[in-house]
Structure formats: C-alpha cells, structure tokens
Amino acid sequence: MMKMLHWPRYMILALAFTLAGLGILIRAVNLQTNSKTAQQLIQAGQQRDLDTKQVERPRGNIYDAYGNVLAANSLTYEIGLDLTKDNISTETVAAQISAMFGSDYNTLLDTISYAQANGLRRATLKRYASPEKMAEILLKQQEYADMAVNSDSKTVRGTSLLGVDGIPMLARYYPEGSLASNVLGTFPYWEGSSAQGYYGVEGAYHDLLTSPPQQLDIPNNPLKMAELAELQRGDDLILTIDRSIQMNMEEILDKAVEKWDADGGVILVMDPRTGEMLAMASTPRQGHNNLSSSLKLYDLSVSALYEPGSVFKVLTMAAALDAGLVTPDTTFVDNGVFYHGGYPIYNWDRAGHGEVSMTTCMELSLNVCLAHLAVDVLKPEKFYEYIQAFGIGRKTGIDLEGEGVYPLRLPGDENYYDVDLATNSFGQGVSVTPIQMMTAISAVANDGKIMVPHVLKARIHNGVRYDTHPQVMAQPISAATARTLSSMLAVALENEASTALVEGYRLAGKTGTAEVPSENSAGYKDGIINASFVGWGPIDDPRFVVYIWLKEPKEADWASESAAPVFAEVVKSLVVSLRLPPDAVRLQMQAVPTATAAP
Amino acid sequence: MNFAWLNGMNTNQLIQAYRQAPWRTQLQWIGIFLLILVLIASVLGLFLDITARTSTAGRNIQLMEDEILQYEQNIASLTARLAEINSSANMRKRAEKLNFVPVDPNEVHFMIIPDAQPRQSTLDEAPAFQPTEEPVLLQPEYTLSLWDWFSQTLTSLQNQQVTP
C-alpha cells in the first residue's frame, strides 16, 4: 500500500530527470548543428581565455657597405592621460602639454573630454614625444607633487599632472640627415600601423624592413604559453652605398650645381664588374619627412627623363664596331652637314672637319659622323637592335622605388619620324634616365656585359646574412669591342687634353651637351642645355663608372667646360676612397699577388 | 581437540565473542576515511603544486617577453644614438677639431704592404647565426599529465636501480 502511494512521486522524479536529460541532448545537438550559436560561444570562451595585446617590433635598420647606420629607430613616447586615476586635473594637464609641445589648449581639453565621455581609459595627448620631453614631463609631475605636499592651499593641491604617462614607441630616424635621402626614401612612421615606405630603399624593400604593430592574443592559461606566436622583427639591409663616397659626391655635386647655376644634378658611381652602386648623389635632395604630393621626382637619378645628348654616341659607336662595320681607323669625310628625313644635321660647331677617323669622330663629338653611322652604316634595323640590347627604352630594374622609363620610339611607331634615326645616334629625340644611360654604357667598361644595377648588398634575416649576387642583365657587345671602344675614348680624352683627365690614371669618357625639348611647343629651348659626362677607369681594369648630369646649367654652354671637370674631381676623390693607386703603382702591385695598397 | 566448551554457548554468544568492539569498528572506518582523504589531498596537493609552478613559469614568460620588447626598444634607441654620434657630419667635426684636413690625392703615397687586409665592413665580420633546433619554451614537467609524470618517474627509478 505504501509502495503504491509513493510511485507517482518516483514517476514525477523520473520524468523530470528524463526531461532534463532530453533538454541537454537537444541543446547539444542544437550546438553541433547551429554553427552561429556555437561560434558565439566559442568566441565568448576565447575572450575569457585570451588577452589582446599590441606588440611592435623594430623596423629593420639600413646600413651602408661598411656597417655605418643610415636608417634606424629612435625611442619616443606617446604622452597620454590615464583617466582611471582619481583627482586628475584636466586643465593643468592641457595647459602644461600645450606649453611644452605648442599644441592648442582647447583641442587638448576636447580630446580629454571626448575620451571621458566615451568611457575610455586613456586619452592620447601627443605622439612621438622625445625622451627629453618625457623626462621634462616627469620632472614637472614631481614638482607639482612636491608643491601639493608643501602647500596648504586647496587650489594648489588641486593642480597636478597626475595621470600623465608615456608609452614607449619607435620612430624612424636617419642619423645622417639628408645624406643619401634620395636612395633611402622615407618612412612616414607617424601614420602608425598603416605606414608604408615610399621611394628608394624604404619603398622598394618595405615588406622586408617592416614589422607592423600586431594585435596578439596572449593566452591567460599559462599551459598555453608555448602557443605564443613569435613575431619577426624587420630585416636589416646592408647597402652597396659607401657613406664616405656618397658624402663626397654630394658635396662635389652641390658645388657644381651652384657654380654652373644648374636646376639640379646627378652623380652616379657604379662598380661595373658587379653593378653595385657605390654612390648616388642627387640634387635637390628631399628631406626624409617630405612627402608633399607635388613631389614627383624624389630621386632624379632614377626617375628623371631627359635627352642625354652626345654620351649616347658611345652606344652608336659600340654598335658599329661590334657589328664589324667600322674600326677605330675607318675614315669618314665630314663636310659639316648630313641630310636625313628632310632635315639637315649639323655638328656642334656647325663646321666640317674633312677626313676623320672614328676615334676623331668621338674625340670631336661629330654629330654628322654618328648620324652617318646610324643611317648609312648600321641602318635602322641594326641600330635599334643594338640600342634595345643596351636596354634603352626599358627599366634597368634597379632596386629603388620610382624608376622612370620612356619607351623607345621605333620605325613604324605612330610618333616615329625618319629623322629620329639620325638624331637618336647622338642622343637627341630619345629619353632616358641617368641610371639607364649609365647602365647601358657600363657594358663598355665591363667587357661587354651589363650587370643589373643594385643598391642592396645583403640582408640580415633572423641573424642570418643573405648576400645579393651580381646578375648579368645582357651582353650587347663583345669583350673585344668593349676594350677597343674604351681605348678609343681614352685616346679621345687624351688628344683633346680634356679637363676630365686625372694625372696617373688612364680614363675613358665622353661628354654630352644636349638641347632641351620645349614643353610648350615642338623643337628645343633656346640657349638651354643639359650637360652630361660618362667616364670610367682605370681602363685596363675598370673599378668605377661615373655618370654626371647637370640639369640645365645657366652658366655653362658645353659639358666639356662644366661636367668634364666635375668628373676629374670625382675621380680624384674616388681613388682615395677606393684606395686605388695610380696605374704605375697598381701594375707594380700586380706583380706581388698578395700586396694591398694603403694610402 | 576438545570442543566441549562450544556446547555451552549459543550462536549469539559466539558472534558476540568474535565481534569487534563498536569503538574499534568506528576507528577503523575513520582510519579508512582519513586514509582516503589523505590520498585525495596528496593528489590534489600535487596537482596544485604543478599548476602553481606552471602558472609561475607562464607568468615569468609573459614578463620576460615584455622585458625582451623593452630591451629591443632600448637597443634600437641606443643604436640610433650611437649612429648619430658616429654620423659623418659629427666625425668630420671631430676630425677638424683634431686638425685633420681632407687628403689631397696628389699628396697620397701608396705603399705596397704584403698580406695587408682590404677595408672590411663590421657587418661582414659578424658571425652568421645558424639556427639549430627549436628552443624549449616550457619544460616537459609542465606539460605532462600526472600519470605520465608518475610512469616516467617510475621508469627512471627502475633504470637507476638496474644500472650498477
């Protein structure tokens, strides 16, 4: 009877347990099948399990070829106000920060009010403050604290810099100032995590250098510490640029630009055997922090297009020699004018020079002679075949951001005229960048091989050094042609007793005085020139190729009087920096294989 | 054997003769309970010890990672400071102060020095780091289960005994 009385209770209890079990089962099935809810729950779980933290690793340093720092990171502070502190004095903080940094007092007050109104824990007042400023703030903070302790006045006690703190953060820093700024480019660190390197090395190698601030999920569970992702710091880059050569080149260039009242200029120094750029001076130089939108030409040496003039004759002569159509002694009768495409071509002096050899053609820089070579000897097919083989009309591929290029106009193109063949032979009607021109001519200094120009010597990734290996871009001419032309140009310099010569060193070179195309109309500007010079040496074992461009010098009529002496000055400086003894000493040294010259 | 004395006893008396005293039974139960309690406490204590040590190690790692970041920032800053001191402009000023003048190439005398080393970069001389193996972040003791730890310890003890 008793048992009968209790069974409904048991049944109810059993039913309750069954229902609870069923509920759990339904929920479990629901969670497995309804991924949205499951995701929400997983997220909620992770939020409890993880702390989010912003971690910033330093951007890679940039060094010159000898380990001198060209770009690094300096410690700065983000000044802020901790709003969780009691008794903060917003007016005092705004007034002091405003006085220290020259910020607007009302803007600072608004920033603090906005942060307070939105329940933020911290208001940012100033970013990238120097350590000196941070120290000044801490000192002021202490002064206020001392004042409050020693004063009976409630007002004095109410004023303080309580809550003002600084979070360390790194800023890009260029210890050499504007030295090589055109090569280095810039990194606008003040843009924070979205900052991107622009121009030069900073732009070209941004992905290697960068280590953007990252949000990391730090597990609260200490057992999961092993799962922490290790953030890589940016790679360090070692450039081929030699700081001392770069500095000397910039000084020489600045002086030349000032002396000849030029609009700008470029001096490039390359090792023709490897394509390593030893110096790339460019004037005007832009500051590292100058990112003005009007700034289109950050580095004239890689982005400025201009008609090079007679330095281009080196390529025309190289083509004719390599094709076996002329020799240095082949003669040409120069009567002072050459007609092609309905236009007359004149020499620079508007004179005829009679029967001349090819060496004399280069020595006197005769337009008529070179036009004859392109039109009558090489013909368009061969001429343009060689010019393209030299890389004209294409980018050199130098590892700097912002390289410019102007397509080479070829017969059959819409904007190609017959006269172009004649004018192209002496560097008019064709646009190149200084780096493009120098790279092409470097073939003559390197046994016919063009090496890819580059500024990156090596990079250091996780402590491991990865070297850049020289690459051959092309071989437009044979080694024999290259040596023959080098000798011709050396003889040409010596015969004219050029101001480019340097005692003790046998050098080859060519001047280039080019007319400047008018922007508004067809034809060229009156009385305005571009002066260039390309040279290399020592010619039996070239260690450097130098390219000089003075942009529209007002005080010079010819490259021989403006750019050529600059070349001599450059070589005098280079031989000391490169520890390159005069030819006689060098040849003596070669007899002693283990000897090294020391100045 | 003489079992005559059994004849005089009934069953209850026999049970009574062999029954433990109640206080003795209680003591035994309490003893067993306490033994189990001690065992559980020991296991829990072991767990607590391991967890505490793991937590401490984990927190230490977090603190050390923060320290690494701080050191990295300081190193970066000091590198920048050193670079500024050694910048070409500053070096030139110092050289001028010491009455050095830029060399005139015409005054340079080159000498042949057998076996002299050419100018080298400090970065060239730096030994290249060769990564070998993954660094151990946590010792195995902190990631082992109690059972694993127990069996490993036993195995190592056995090995120690076997080894003369």
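All names here are of chain A. For the structure shown, the criterion picks out 1 cavity of 30 Å³ or more. Surrounding the largest cavity, Phe390, Gly391, Arg394, Lys395, Thr396, Gln436, Thr439, Ala440 and Met473 form its lining. In terms of residue class, the lining of the largest cavity is built from 3 nonpolar, 4 polar and 2 charged.

What follows deals with the packing of helix α3 (residues 90–101) of chain A against helix α4 (residues 105–117) of chain A. All names here are of chain A. One way to put it is that α3 packs onto α4 with a least axis distance of 9 Å and a crossing angle of 135 degrees. Taken as axis vectors, α3 and α4 run oblique relative to one another. As α3 runs across α4, the sense of the crossing is right-handed. Residue-level contacts link Thr90, Glu91, Val93, Ala94, Ala95, Ile97 and Ser98 of α3 to Tyr105, Leu108, Leu109, Ile112 and Gln116 of α4. In terms of residue class, the contact of α3 with α4 is made up of 8 nonpolar, 3 polar and 1 charged.

Looking now at the nonpolar core. All names here are of chain A. Met277, Met280, Met317 and Ile392 are the most contacted members of the largest nonpolar core, which totals 96 residues. The greatest single-element share of this core, amounting to 12 residues, is contributed by helix α14 (residues 367–389). In this structure, this core is formed jointly by two domains, domain 1 (55–239) and domain 2 (243–287 + 299–590), each of which donates at least three residues. If we ignore the near neighbours within four places in the chain, the residues touching Met317 are Val326, Met358, Cys361, Met362, Leu370, Leu373, Leu485 and Met488. Counting 40 residues, the second largest nonpolar core, distinct from the first, contains Leu253, Ala500, Ala568 and Leu578.

Turning to the side chain of Arg172 of chain A, a few remarks are in order. All names here are of chain A. Secondary-structure assignment places Arg172 in strand β5 (residues 164–173). Of the residues examined, Arg172 reaches a relative accessible area of 6% and is grouped as buried. At 2.8 Å, the side chain of Arg172 forms a polar contact with the backbone oxygen of Gly60. A polar atom in the side chain of Arg172 sits 3.5 Å from the backbone oxygen of Ala72.

Below, the discussion takes up the state of the cysteines. Residues and elements named next belong to chain A. Summed over the entire model, instances satisfying the criterion amount to 1 disulfide over all chains. Between Cys361 and Cys369 runs a disulfide, and the two sulfur atoms are separated by 2.0 Å. Across the disulfide from Cys361 to Cys369, rotation about the S-S bond amounts to roughly 95 degrees, and the bridge is consequently right-handed. When its relative accessible area of 0% is taken as the criterion, Cys369 is described as buried.

With that out of the way, let us pick up the packing of aromatic side chains. Using the criterion set out here, one finds 8 aromatic pairs over all chains in the structure. Geometrically, the ring pair formed by Tyr128 of chain A and Tyr189 of chain A is edge-to-face, given 4.8 Å between the ring centres and 75 degrees between the ring planes. A residue pair is termed long-range when its members are at least 10 positions apart, and Tyr128 of chain A in strand β4 (residues 122–129) and Tyr189 of chain A in the loop between α7 (181–184) and α8 (200–204) qualify at 61 residues. In this structure, Tyr128 of chain A and Tyr189 of chain A share a single accessibility class: buried. Here Trp147 of chain B and Phe150 of chain B contribute two aromatic rings whose centre-to-centre distance is 6.4 Å and whose plane-to-plane angle is 35 degrees, an arrangement assigned as tilted. Note that Trp147 of chain B and Phe150 of chain B are positioned in helix α6 (residues 146–162) at a spacing of 3 residues, about one turn of the helix. Given the relative accessible area of 62%, Trp147 of chain B is considered exposed. These aromatic residues form a ring-pair network of at least three members: Tyr128, Tyr189 and Trp190 of chain A. When the ring centre of Phe187 of chain A is taken as reference, the NZ or CZ atom of Arg59 of chain A above it lies at 3.8 Å. Here the guanidinium or amino end of Arg459 of chain A rests over the ring plane of Tyr466 of chain A, the centre of that ring lying 4.9 Å away.

Residue and element names in this part refer to chain A. Here 5 strands make up an open sheet; going across it, the order is β9-β8-β20-β19-β18 and the pairing antiparallel. In the strand order of this sheet, the two ends are held by β9 (276–283) and β18 (508–517), each with one partner. Neighbour to neighbour, the strand axes of the sheet diverge by 10 degrees on average, direction disregarded. Note that strand β8 (residues 264–271) and strand β20 (residues 544–551) share 7 bridges and pair antiparallel. What sits directly across from Val266, in β20, is Trp549.

Our next topic: the packing of α3 of chain A against helix α5 (residues 131–150) of chain A. Residues and elements named next belong to chain A. Where α3 contacts α5, the axes come no closer than 12 Å and their chain directions differ by 145 degrees. As α3 runs across α5, the sense of the crossing is right-handed. In this structure, α3 uses Thr92, Gln96, Ile97, Met100 and Phe101 to contact α5, whose residues at the interface are Lys133, Glu136, Ile137, Lys140 and Tyr144.

Reading the values: rules and limits
Residues numbered from 1 in each chain as written. Chains lettered and ligands numbered in written order. Predicted model: local features only at pLDDT ≥ 70, side-chain atom pairs only at ≥ 80, totals over all residues. Heavy atoms only, no water. 1 Å grid on protein atoms, 1.4 Å probe; cavity = no way out; pocket = protein on both sides within 12 Å on 5 of 7 lines; lining within 4 Å. Points joined across faces, edges and corners; volume = space filled by probe spheres on them. Nonpolar A, V, L, I, M, F, W, Y, C, P; charged D, E, K, R; others polar. Axes fitted to C-alpha atoms, helices over the stretch in contact; angles between N-to-C directions. Helix = DSSP H or I, 4+ residues; strand = E, 2+ residues; numbered from the N terminus. Parallel < 35°, antiparallel > 145°, perpendicular 65-115°, else oblique. Left-handed = near helix turned anticlockwise from the far one by under 90°. Contact = heavy atoms within 4.5 Å. Core = buried A, V, L, I, M, F, W, Y, C linked by side-chain atoms within 4.5 Å. Buried < 20%, exposed > 50% of the residue type's maximum accessible area, 1.4 Å probe, protein only. Domains from an automatic or database assignment. Polar contact = N/O pair within 3.5 Å; in protein donor to acceptor, adjacent residues only side chain to side chain. Disulfide = S-S within 2.5 Å. Phe/Tyr/Trp six-rings, centres within 6.5 Å; stacked < 30°, edge-to-face > 60°. Lys NZ or Arg CZ within 6 Å of the ring centre and 35° of its normal. Pairing = 2+ DSSP bridges.

The quantities given are spatial measurements derived from coordinates; they are silent on function.
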